[in-house]
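Summary of structural features
Given next are the chains, with one letter for each unit.
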Amino acid sequence: MSQRYSASVRQKIRERANGRCEYCKKPDAVSVYPHHVDHIIPVFHGGDNDEDNLAWACFQCNSTKSGQIASYDFETGELPPLFHPRRDEWADHFELKAGKIIGKTAIGRVTVRILQINHPDNVETRLYLIQSRKW
Ligand SMILES: [Zn+2]
């Protein structure tokens with residue numbers, strides 16, 4: 001649980017993200033577990049508490065991302081950083097297809113893999129939310 005931020009900071013980060021996880025786009029209004037304030041660059045990697053380093057993230061994305069900042073992309077052989085919600089545009093790196101979020105770039109692919117964005121439970125939930133117009 002992230003209780004390190006005042007209610008006003010949490011609210012500001014949430015509103016900037018329109019209440020959606022900035023990685024997988026899950027709306028917090030339909031999430032069983034509360035969304036968290038995520039350090040895009042973790043503190044132990046030198047990230048700070050500035051709002052530019054904070055993102056609104058669902059429980060799954062926040063916990064699977066943990067302290068990770070990059071990974072190996074098997075398609076290009078590159079070591080791209082994970083998606084950075086303040087610097088990167090979501091639609092440049094991801095697209096939603098039949099309930100799955102597809103990485104369009106090396107950044108998108110490693111983020112989908114490391115955050116397990118297409119874990120079967122996440123896809124099932126996403127499909128249900130799309131079908132019930134809650135996505
Ligand atoms: Zn998420």
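These lines cover the structure that appears in this document, whether it is placed above or below. (Residues numbered from 1 in each chain as written. Predicted model: local features only at pLDDT ≥ 70, side-chain atom pairs only at ≥ 80, totals over all residues. Heavy atoms only, no water.)

**Thoughts on the coordination of the zinc ion**
Only Cys 21 (SG), Cys 24 (SG), Cys 58 (SG) and Cys 61 (SG) from the protein coordinate the zinc ion, and they sit 2.3 Å from it. One can describe the site at the zinc ion as tetrahedral: its four donor atoms subtend angles covering 103 to 115° at the metal. Donor residues for the zinc ion, ordered by position in the chain, follow C-x2-C-x33-C-x2-C. For the pair Cys 21 and Cys 24, a shared accessibility class is recorded, and that class is buried. (Donors = N, O, S within 2.8 Å, 3.2 Å for Na, K, Ca; no water. Tetrahedral: all angles 85-135°; square planar, octahedral: opposite > 155°, others 65-115°. Buried < 20%, exposed > 50% of the residue type's maximum accessible area, 1.4 Å probe, protein only.)

**Looking at helix H4 (residues 106–114)**
Burial analysis of H4 places eight of its nine residues in the buried class, the great majority of the element. Those residues of H4 lying buried are Ala 106, Ile 107, Gly 108, Arg 109, Val 110, Thr 111, Val 112 and Ile 114. (Helix = DSSP H or I, 4+ residues; strand = E, 2+ residues; numbered from the N terminus.)

**A closer look at the packing of aromatic side chains**
Counting across every chain of the model gives five aromatic pairs. A ring pair is formed by Tyr 33 and Phe 59, whose centres lie 5.1 Å apart and whose planes are at 35°; its orientation type is tilted. Of this pair, Tyr 33 sits in the loop between helix H1 (7–16) and strand S1 (36–39) while Phe 59 is found in helix H2 (residues 59–65), placing the two residues 26 residues apart along the sequence. For Tyr 33, a relative accessible area of 49% corresponds to the partly exposed category. Summarising the aromatic geometry, the rings of Trp 90 and Phe 94 are spaced 5.1 Å apart at their centres and angled 35° between planes, so their arrangement reads as tilted. The class of Trp 90 is buried, set by a relative accessible area of 17%. On the accessibility criterion, Phe 94 (2% relative accessible area) is buried. The rings of Tyr 23, Phe 83, Trp 90 and Phe 94 are connected pair by pair, giving a single aromatic cluster. (Phe/Tyr/Trp six-rings, centres within 6.5 Å; stacked < 30°, edge-to-face > 60°.)

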